[in-house]
Amino acid sequence: MATRIKVIMFTDCVAASKAKTQAGDGPSIELLRMLERFTRDVAIENGARVVKSLGDGHLLTLDSAVGAIRAGLDLQMRVSKYTADHKPKTSLRLRVGIDVGDVHVDEDGDVLGHYVDMAKRVESAGRGIKSPVLFTDRVCALLPPKAVEFRRLHPVKLKGSPKPTTLYQAIEIGRASC
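Quick summary incoming for the structure in this document.

Procedures and definitions
- Residues numbered from 1 in each chain as written.
- Predicted model: local features only at pLDDT ≥ 70, side-chain atom pairs only at ≥ 80, totals over all residues.
- Heavy atoms only, no water.
- Phe/Tyr/Trp six-rings, centres within 6.5 Å; stacked < 30°, edge-to-face > 60°.
- Helix = DSSP H or I, 4+ residues; strand = E, 2+ residues; numbered from the N terminus.
- Buried < 20%, exposed > 50% of the residue type's maximum accessible area, 1.4 Å probe, protein only.
- Arc of directions from axis to C-beta.
- Salt bridge = Lys/Arg side-chain N within 4 Å of Asp/Glu carboxyl O.
- Core = buried A, V, L, I, M, F, W, Y, C linked by side-chain atoms within 4.5 Å.
- Contact = heavy atoms within 4.5 Å.
- Pairing = 2+ DSSP bridges.
- Polar contact = N/O pair within 3.5 Å; in protein donor to acceptor, adjacent residues only side chain to side chain.

1. Details of the packing of aromatic side chains
Then step 1. Applying the stated criterion to the full structure yields four aromatic pairs.
Then step 2. Here the aromatic rings of Phe135 and Tyr168 are separated by 5.4 Å at their centres, their planes lie at 20 degrees, and the arrangement is stacked. With a gap of 33 residues between them, Phe135 in strand S6 (residues 133-136) and Tyr168 in strand S8 (residues 167-173) connect regions that are remote in the sequence. The same class applies to Phe135 and to Tyr168, which are both buried.
Then step 3. Every member of this aromatic cluster is reached through a ring pair, and the members are Phe135, Phe150 and Tyr168.

2. Some details on helix H4 (residues 114-124)
Then step 1. Looking only at H4, the buried set comprises Val116, Met118, Ala119, Val122 and Glu123. The buried residues of H4 occupy an angular sector of 160 degrees when projected down its axis, which confines them to one face.

3. Section: the pattern of salt bridges
Any two side chains of opposite charge can pair if their charged atoms end up close together.
Then step 1. This structure, assessed with the given rule, holds nine salt bridges.
Then step 2. Ionic pairing is found between Asp12 and Arg95, a salt bridge with its closest N-O pair at 3.1 Å. Taken together, the residues Asp12 in strand S1 (residues 2-13) and Arg95 in strand S4 (residues 94-105) connect sequence positions 83 residues apart. Here Asp12 and Arg95 have matching classes, each one buried.
Then step 3. A salt bridge links Lys81 to Asp85; its shortest N-O distance comes to 2.6 Å.

4. Some details on the nonpolar core
One recurring pattern in soluble globular proteins is that nonpolar side chains are buried together.
Then step 1. In terms of nonpolar packing, the biggest core is built from 37 residues, with Ile69, Ile98 and Phe135 touching the most fellow members.
Then step 2. Here the element with the most residues in this core is helix H3 (residues 65-86); it accounts for nine residues.
Then step 3. In this structure, Phe135 is in contact with Ile69, Ile98, Val122, Cys140, Leu143, Phe150, Thr166, Leu167, Tyr168, Gln169 and Ala170, ignoring residues within four places of it in sequence.
Then step 4. Ranked by size, the runner-up nonpolar core spans nine residues in total, among them Ile8, Val111, Val116 and Ala119.

5. So, the side chain of Lys6
Then step 1. Tracing the backbone through its elements, the reader meets Lys6 in strand S1.
Then step 2. For Lys6, the residues in contact, after removing those within four places along its chain, are Thr61, Leu62, Asp63, Asp99, Val100, Gly101 and Val103.

6. Remarks on the pairing of strand S2 (residues 49-53)
Then step 1. Pairing of S2 with strand S3 (residues 57-62), which is carried by four bridges, proceeds in the antiparallel orientation. Along S3, the bridge assignment pairs Val50 with Leu60.
Then step 2. Taking the residues between adjacent antiparallel strands as the criterion, S2 and S3 are bridged by three residues, where Gly55 takes a positive phi near 85 degrees.

7. A closer look at the environment of Gln169
Then step 1. Along the chain, Gln169 falls in strand S8.
Then step 2. Taking the C-alpha atoms as reference, Gln169 lies 20 Å from Lys6; in sequence the two are 163 residues apart.
Then step 3. Here Gln169 is in contact with Ile129, Lys130, Ser131, Pro132, Val133, Leu134, Phe135, Glu149, Phe150, Arg151 and Leu153, once residues within four sequence places are set aside.
Then step 4. Among the polar contacts listed, one links the side chain of Gln169 to the side chain of Arg151, at a separation of 2.5 Å.

8. Quick notes on the side chain of Arg95
Then step 1. Overall, the relative accessible area of 8% leaves Arg95 in the buried class.
Then step 2. Among the polar contacts made by the side chain of Arg95, one reaches the side chain of Glu123 at a distance of 2.8 Å.

9. Digging into unusual backbone geometry
Then step 1. A positive phi angle is found at Ser131, which is not glycine, with a value near 50 degrees.
Then step 2. By the secondary structure assignment, Ser131 is in the loop between H4 and S6.
Then step 3. Located in the positive-phi region is Lys146, a residue other than glycine, with phi close to 65 degrees.
Then step 4. For Lys146, the position within the fold is in the loop between helix H5 (137-140) and strand S7 (148-152).
Then step 5. The exposed category is assigned to Lys146, whose relative accessible area is 59%.

Spelled out as structure tokens, the structure:
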């Protein structure tokens, strides 16, 4: 198993299980298919690799921190536009979490390790934030000056991390630096 530095991105559809219960499988499955299509398109456009579908979310890897943030923002924009244009019975909201670090890459391209776990926890830390694209201070350190406009959040204690982690919420590409 090879070790590589990768930018890891997790997405999760908020309240997907509740939506299935309220609207039924048919409409919910159609929304998840649309999300799958959006995710695959955004991945191609931003140099990402969709490692796997997780039912109501995805695990992606990238070689670029700016590319990961751009992909997260693009995905949020498409989901928001779709929701505004189609007004589905079930609300489609997405959380995105991004981290970077050395990960183990197996022969099938799956990624394993601490930073994969941390990216998932960053995504989960977005609970209660509208359409979050969150990233860690490790990702922020890789950004060129003025590459991303963001809002610095309070440090949070993520399970598996020995100390609080500073998180940032991406606003748009091209305005500020860490």
